Amino acid sequence: MDVKIIDFEVMGDERGSLIALEQNKNIPFEIKRVYYIFNTKEDVKRGLHAHKDLQQVLIALSGSCKILLDDGREFVEFELNSPDKGLFIDKLIWREIYDFSENCVLLVLANEYYKQEDYIRSYQEFKNYIHRVKK
Ligand code: T46
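Residues numbered from 1 in each chain as written. Predicted model: local features only at pLDDT ≥ 70, side-chain atom pairs only at ≥ 80, totals over all residues. Heavy atoms only, no water.

Labelled according to an unreviewed UniProt entry, the protein appears under the name FdtA/QdtA family cupin domain-containing protein, originating from Anoxybacteroides rupiense.

What follows is the structure, encoded as structure tokens:
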């Protein structure tokens, strides 16, 4: 599955820590959009969609959450709980995000502007779509 954890270099000194994110360096694409998810209520699931083209990197700047990824063949679950780890998610992967801690701030870097038409919001439609494009 085209997903991977990226370990960011922490530039720490006696004052604390700093991480720099740079497009086409430790972020494997050109960054066109940044958004963050916070104040997520208990027992809420976010995501529940796939993207036709979008690539993203997710970073839990604070707190934690879990992410289930599904490329139509296999499932993999990650827990994000550290600001020095990013989760790269390629296009055509169904995602569900849950178990947000109260203090979770999830930063997302994306390689494209927001486009509603890039979303596949039905799981059955996702399965049909990947069957068409991947055969
Ligand atoms: C993803 C997961 C990790 C915008 O207007 N611009 C934006 O860039 C985004 C991402 C969202 N919105 C609006 C659309 C909705 O009215 O913000 C509202 C909440 O978005 P959504 O329901 O898509 O949020 P999530 O958390 O289910 O999904 C988001 C991203 O949409 C998605 O690409 O992978 O975070």
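J.: Just checking my understanding: could you explain the sheet that holds strand β2 (residues 33-37) for this structure?
T.: Consider a sheet: its strands pair through backbone hydrogen bonds, and that pairing is either parallel or antiparallel. With respect to topology, five strands assemble into an open sheet ordered β1-β7-β4-β9-β2, the strand pairing being antiparallel. Edge positions in the sheet fall to β1 (3-7) and β2, since each has one partner strand and no second. Taking each pair of neighbouring strands and ignoring which way they run, the sheet shows an average axis angle of 25 degrees. Two elements, strand β4 (residues 56-62) and strand β9 (residues 105-110), share six bridges in a ladder whose sense is antiparallel. Bridge pairing in β9 links Ala-60 to Leu-106. (Pairing = 2+ DSSP bridges. Helix = DSSP H or I, 4+ residues; strand = E, 2+ residues; numbered from the N terminus. Axes fitted to C-alpha atoms, helices over the stretch in contact; angles between N-to-C directions.)

J.: Quick question: what am I supposed to make of the sheet that holds strand β5 (residues 65-70) here?
T.: With antiparallel pairing, the five strands of this open sheet are ordered in space as β6-β5-β8-β3-β10. Strands at the two margins of the open sheet, each flanked by one partner only, are β6 (75-80) and β10 (119-120). The pairing of strand β3 (residues 46-51) with strand β8 (residues 94-98) spans three bridges and is classified as antiparallel. Looking across to β8, one finds that Arg-46 is bridged to Ile-97.

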